[in-house]
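These are the residues of each chain, in order.
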Amino acid sequence: MAEINIRAVTKTFGKTTIMEGVTLDIRNGEFVVILGPSGCGKSTLLRLIAGLEEITAGEIAIGGEVVNRLEPRERGCAMVFQNYALYPHMTVAENIGYALKVAGVPRAERTARVAETAKSVGLGDLLDRKPGQLSGGQRQRVAMARAIIRSPRVFLFDEPLSNLDAKLRVQMRHEIRRIHNQIKATSVFVTHDQHEGMTLADRLVVMNRGSIEQVGTPSEIYDRPASTYVAGFIGSPAMNLLPGQLVAARRGVMLEDGTLLPLPGGEGLRDGLMVQVGIRPEHARMVSPGRGRFDARIDMIEELGAARLCNLVFEDIPFSLLTDARPALAPGAVVGVGFGPGQTHLFDAGTGARIETGAGVSQTDRNPARLRGAV
Amino acid sequence: MRRACFKFSWIAAALLAPQLLIIFVFFYWPSAQALYWAFTLEQPWGGGNTWVGLENFRKVLSDPYYWSSVRVSVIYALATTVLAMSMALTLAVFVDRQLAGYRAYRVAIIWPYAVAAPAVGLAFQFVFNPGAGIFSYINAVAPGWWDLSRYPWQAVTAIVIAGAWKQVAYSFIFFLAALQSIPRSLTEAAAMDGARPLRRVLDLQLPLLTPTFFFLLVINITDSFTDSFGIVDTLTGGGPFRATDLMVYRIYADGFRGFDYSGAAAQSIILMLLVMALTFVQFRYVERRVHYT
């Protein structure tokens, strides 16, 4: 077990910069999920920790020891690969026990540990099979067992669930979290699936274009996204963003059609700043026309079972809201949209950065500086 | 497994015809002709032949020189195959690891495949020449130590090296392709599991290469029995003292220099049966150890 300290790490391939100045501290025993779209550098960061790629600049330390120059085998990390990377010519038992065999563990002890580990992930009776004879979920378990058996200081997961079907993915997600709770090794999990990120993580790291956008607990990130990018990435359906201009005198934002949205607090705002106002679909309500903050036209209503997703259009901007009611409204009808002042998020339209208005959603005693994490 | 069945169609037959014609003209026809000649006494200048049954085979097989030719052919085949495949594998592993300059090596190693056998023989004629190049220096120190035309073991070594050199390229291409088809993540997983490069080669890459290995074994052995003529002819001419008189070279020498068409035909049949038997043995006993994944 160990903490991981990533300090100003940069990675370039030839002339392409994949990652620039990434700094992140992962605590001992913590489950950190790195979240981001494909190509944002999240897998590269994982491979840099593992030692499968060379660090161009900066420093990575595991357990206080700088590992830049160490080979993967010397770093004490175990990795679960996206395609599992099982050795096709070896049986399940040989796959799980390979690291021990390389380390020169005697056969008897090896067999016992393989059997024990296989049992803990529910593979007890498949030890003599070859990977080709296993289902996707079983292969995933072998990959897990192969990582667990080494009792590594650090677990690395590279999108391990993306090849599974939806049901199995949820099941394996629970299993991974259960195993983490048991062995409590520091874990870094890379995914592009926000549900995996939200459910698994002690802390989430949201990455975009090779740098970290925000670090925080899943609820911190949901409640106070640090940028329009994070706001749009976390939460499903995505947060609505409406362009407008700050009017300091009236402590609100003037939308393009002249509607004024009041802001909570509102001290120290820069008058005339172009901003974007964010409202999550689940925080907006459908009301009678004229009774809400503004009126919008229904474009389409999607049935989700537990709720309805109403896709509206306001001033040519799409706006979606979730409602429990079953509105008997046809596309084209005009409805009012209501939301409380505390349920809006404010972002600088130029930089995309969050503007603290002195009050936010579910206002707590959290320190915004720490929220931004180690960006 | 379900098999697709097709009705007979003239178009299909017409499309197959050129290929079948080529195989017929260049393989079945000459083979049948050789088989026929092997059982007759053929006159070199034409003018009829006589049926002699197994007499040609009896004569060939009772010739002690023929048996020494079989022996040296087997030695040559095994030695070139082992040498060529081990060199090809070593080179392929290094190119696959993408050591510095691997692109240049890759091209350089593939080139010899494009060189014709007589050209290879001629090139090695210069390399092994006792009066010029490297060996002239050795001979200057130890006069007469190296001379292909005097020492049988040196002549055999020379054709083995030249033959292997020519075959390295072919095996290299296949080994490299097979190595590169091993998913990168497997190698990475093994590296994470603590295996060093050599260990990864032994535990991971070699087992996954066995299908390629087997294929190359069959091809290389067959090739070294049937395709060694050009090298022998230019490098040693079968000598000294018939030490490099490989079966295929002897067929040429007896048939086209000695005008013993019938004897050469009988030897061709024996060579063909020998290669077929060896291939059968390989499929029967070696293929069992191959992992197909």
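Everything quoted here is computed from the prediction, not taken from an experiment.

Scoring rules and cut-offs
- Residues numbered from 1 in each chain as written.
- Chains lettered and ligands numbered in written order.
- Predicted model: local features only at pLDDT ≥ 70, side-chain atom pairs only at ≥ 80, totals over all residues.
- Contact = placed C-beta atoms within 7 Å.
- Nonpolar A, V, L, I, M, F, W, Y, C, P; charged D, E, K, R; others polar.
- Domains from an automatic or database assignment.
- Helix = DSSP H or I, 4+ residues; strand = E, 2+ residues; numbered from the N terminus.
- Buried ≥ 20, exposed ≤ 12 C-beta atoms within 10 Å, placed from the backbone.
- Pairing = 2+ DSSP bridges.
- Axes fitted to C-alpha atoms, helices over the stretch in contact; angles between N-to-C directions.

Caption draft 1: Spotlight on the interface of chain A and chain B. Opposite the 18 residues of chain A that make contact, chain B presents 16 residues. Classifying every residue of the side of chain A that touches chain B gives 14 nonpolar, 3 polar and 1 charged.

Caption draft 2: Spatial organisation of the domain arrangement of chain A. Each assigned domain of chain A is listed with its residue range as follows: domain 1 (4-223) and domain 2 (228-359). Taken together, the 7 residues of domain 1 of chain A in the interface contact 6 residues of domain 2 of chain A.

Caption draft 3: Focus on the environment of B:Val107. All names here are of chain B. Mapped onto the secondary structure, Val107 falls in helix 4 (residues 102-110). Assessed through the 9 C-beta atoms surrounding it within 10 Å, Val107 is described here as exposed. On a C-alpha basis, the gap between Val107 and Ala169 in space is 9.8 Å, while along the polypeptide they are 62 residues apart.

Caption draft 4: Quick look at the sheet that holds strand 19 (residues 334-338) of chain A. All names here are of chain A. Strand order in the open sheet formed by 5 strands is 15-19-16-17-18, with antiparallel pairing between adjacent strands. The two strands at the open ends of the sheet, each matched to only one other strand, are strand 15 (285-287) and strand 18 (317-323). Adjacent strand axes in the sheet meet at a mean angle of 50°, parallel and antiparallel pairs treated alike. Across 4 bridges, strand 16 (residues 294-303) lies against strand 19 in antiparallel orientation.

Caption draft 5: Geometry of the sheet that holds strand 2 (residues 16-26) of chain A. If you trace the 4 strands from one edge of the open sheet to the other, you get 2-1-4-5 (chain A), paired in antiparallel fashion. Both outer strands of the open sheet, strand 2 and strand 5 (65-66) of chain A, are each paired with one neighbouring strand and no more.

Caption draft 6: Looking closely at unusual backbone geometry. For the peptide bond that leads from A:Ser236 to A:Pro237, omega is -5°, which places it in the cis range. Position of A:Pro237 relative to the elements: it lies in the loop between helix 8 (228-233) and strand 11 (240-247). One non-glycine residue, A:Lys184, lies in positive phi territory at about 55°. Take A:Lys184: it is sitting in the loop between helix 5 (166-183) and strand 8 (186-191). Notably, B:Arg242 is not glycine yet its phi reads approximately 60°, a positive angle. On the secondary structure map, B:Arg242 appears in the loop between helix 10 (229-235) and helix 11 (247-257).

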